[in-house]
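Given next are the chains, with one letter for each unit.
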Amino acid sequence: MCNNESSMVYITNGNLKNILSKFNTSVDNNADYSRLYEQPLNKILSGKELSALAAYKSFCENPQDALNYYKRIDMSYAKTSRLVFEGSQKPAYHCDIGCERLNSDYYNIEIPNEIVHKGSEEVERYRAFAKEHASLLRTDPNAFLLKQDAHFFLKNPPKEIQGANSGVHEFENYDLPIIKNAISQLLEDAEKFRHQTTETKKIIAAYGYGTHRHLDVLNGIKDSTIYIWHHTYKNELKTLLQRYFRVKLNKHLSFEGSLLKQLGFRRCSCCT
């Protein structure tokens, strides 16, 4: 239990990512990202992506130093077009690592790209739908997805709820050798994919660092080179690297309560 602000407390992986999304992760031309991981990453990830990973690593390793180094964070939970629950309720930190809310926290869900690109009216319609069916979302995400498809007729519906179930135990059963092997295999597979044809190599050279902006990704063209490069290789690599840094440096996402209060967190009412 946390009896004072210097006690170590816990947050969800989703809330950690929310903190880091507000860091100033603009590319530092003097930064040496070659030391970020034991294998080079700059052939697949952009400078901005490497900077964001460096922020994740730093915050896990020494959050106070990271906070001092990066831009002061505005933790006002303003409305965003990408999230369903856009309200101003502060995120919670937890005194008990076994707290039910920590391990089943749906901190938010991402609105599908296809909805976002249809404009603000469709976003608000989707937001209303998700809130109306929030209980189904919590108890049976697959049923929620089926109902979503029936209402919105998406051409490329998501197969899972992005942002759900981000609890502290998400990656607890992974050990470092397993994660390192997965990273090495993914980097090897990415190079094989890149060099499978001359055309593939040209496409990745031209668009590989800004895949999130490419129309094939935004429109969900799943058989396109850039869509595959973005989802199968780049995103999966970033997920594995975050997992590696977390398991190595701060497995349970434990931080001082005073630091999280600086960032706008409140104490969970269920485990205090």
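We now turn to the structure provided with this report. (Residues numbered from 1 in each chain as written. Predicted model: local features only at pLDDT ≥ 70, side-chain atom pairs only at ≥ 80, totals over all residues. Heavy atoms only, no water.)

## Here's the deal with the overall build of the protein chain
Inclusion rule: A run of H or I in DSSP counts as a helix once it spans at least four residues, and a run of E counts as a strand once it spans at least two, with each numbered from the N terminus. Relative accessibility decides the category of a residue: with a 1.4 Å probe and only protein chains considered, values under 20% of the type maximum give buried, values over 50% give exposed, and everything between is partly exposed. When checking whether two residues touch, look at their non-hydrogen atoms; a contact exists if any pair is within 4.5 Å. Calculation of accessible area relied on Shrake-Rupley with a 1.4 Å probe; when residues are assessed, cover is drawn exclusively from the protein chains displayed.
Looking only at helices and strands, the protein chain has 13 helices and 4 strands in total. Per-residue burial for the protein chain yields a buried fraction of 45% across its 272 residues. Restricting to contacts in the protein chain with at least 6 residues of sequence separation, those with at least 24 account for 75%. When the accessible surface of the protein chain is summed, it comes to about 14700 Å², and 47% of that surface belongs to carbon and sulfur atoms.

## Concerning helix α8 (residues 141–152)
To keep it simple, the criterion reads: One fewer than the residue count of a helix, multiplied by 1.5 Å, yields its expected span. The directions from the helix axis to the C-beta atoms form the arc being described.
Compared with an ideal rise of 1.5 Å per residue, which puts 12 residues at 16 Å, α8 spans 16 Å between its outermost C-alpha atoms and is within 8% of the ideal. Among the residues of α8, those classed as buried are Phe144, Leu145, Gln148 and Phe152. Relative to the axis of α8, the buried residues are bounded by an arc of 100° and lie together on one face. Away from the buried face of α8 by more than 90 degrees, exposed residues Asn142, Leu146 and Ala150 are located. Residue Phe153 follows α8 closely and has a positive phi angle near 50°.

## A short note on the packing of helix α10 (residues 198–207) against helix α12 (residues 225–249)
Two measures define how a pair of helices packs: the angle their axes make with one another and the distance between the axes. Going by this rule: Here an axis means a line fitted to C-alpha atoms, over the contact stretch when the element is a helix, while the angle between two N-to-C directions is reported on a 0 to 180 degree scale. Left-handed is the label given to a crossing in which the near helix is rotated counterclockwise from the far helix by less than a right angle, and right-handed is the label when the rotation is clockwise. Polar here means any residue outside two lists: the nonpolar Ala, Val, Leu, Ile, Met, Phe, Trp, Tyr, Cys and Pro, and the charged Asp, Glu, Lys and Arg; Gly therefore counts as polar.
Where α10 meets α12, the axes come as close as 10 Å, and the angle between the chain directions of the two elements is 65°. In terms of crossing hand, the pair formed by α10 and α12 is right-handed. On the side of α10, the interface is formed by Thr200, Ile203, Ile204 and Tyr207, while α12 contributes Thr225, Ile226 and Trp229. A breakdown of the residues in the contact of α10 with α12 according to their chemical character gives 5 nonpolar, 2 polar and no charged.

## A short note on the packing of aromatic side chains
Quick note on the threshold: Centre distance within 6.5 Å is the pairing criterion for rings of Phe, Tyr and Trp, where only the six-membered ring of Trp is used; planes under 30 degrees apart are then read as stacked, over 60 as edge-to-face, and the remainder as tilted.
Scanning all chains against the criterion turns up 10 aromatic pairs. Seen in terms of ring centroids, Tyr37 and Tyr244 are 5.2 Å apart; in terms of plane orientation they differ by 90°. Their pairing is edge-to-face. Here Tyr244 lies in helix α12 and Tyr37 lies in the loop between α1 (13–21) and α2 (47–61), a separation of 207 residues in the sequence. Measuring from ring centre to ring centre gives 5.8 Å for Tyr244 and Phe245, while their planes differ by 65°; the resulting arrangement is edge-to-face. Put simply, the rings of Tyr126, Phe129, Phe144 and Phe152 pair up and form one aromatic cluster.

## Quick notes on the environment of Asn18
Here Asn18 shows up in helix α1. Its relative accessible area of 16% is what places Asn18 among the buried residues. Remark: the alpha-carbon pair of Asn18 and Pro91, spanning 73 residues in sequence, is separated by 9.7 Å.

## A few points about the pattern of salt bridges
Just so we agree on the cut-off: Salt bridges are identified by distance alone: a Lys or Arg side-chain nitrogen within 4 Å of an Asp or Glu carboxyl oxygen.
Counting across every chain of the model gives 9 salt bridges. Here Glu49 ties to Lys234 by a salt bridge, and the two come within 2.8 Å at their closest N and O atoms. Within this pair, whereas Glu49 is found in helix α2, its partner Lys234 is found in helix α12, the two being separated by 185 residues in sequence. Of the residues examined, Glu49 reaches a relative accessible area of 12% and is grouped as buried. The buried category is assigned to Lys234, whose relative accessible area is 0%. Across the pair Lys192 and Glu188 runs a salt bridge, and its minimum N-O distance is 3.4 Å. Of this pair, Lys192 and Glu188 both sit in helix α9 (residues 176–194), separated by 4 residues, roughly a single helical turn. Lys192 gets classed as exposed once you look at its relative accessible area, which sits at 52%. The exposure class of Glu188 is partly exposed, given its relative accessible area of 41%. Here the salt bridges do not stand alone but share partners, grouping Lys43, Glu191 and Arg194 into one network.

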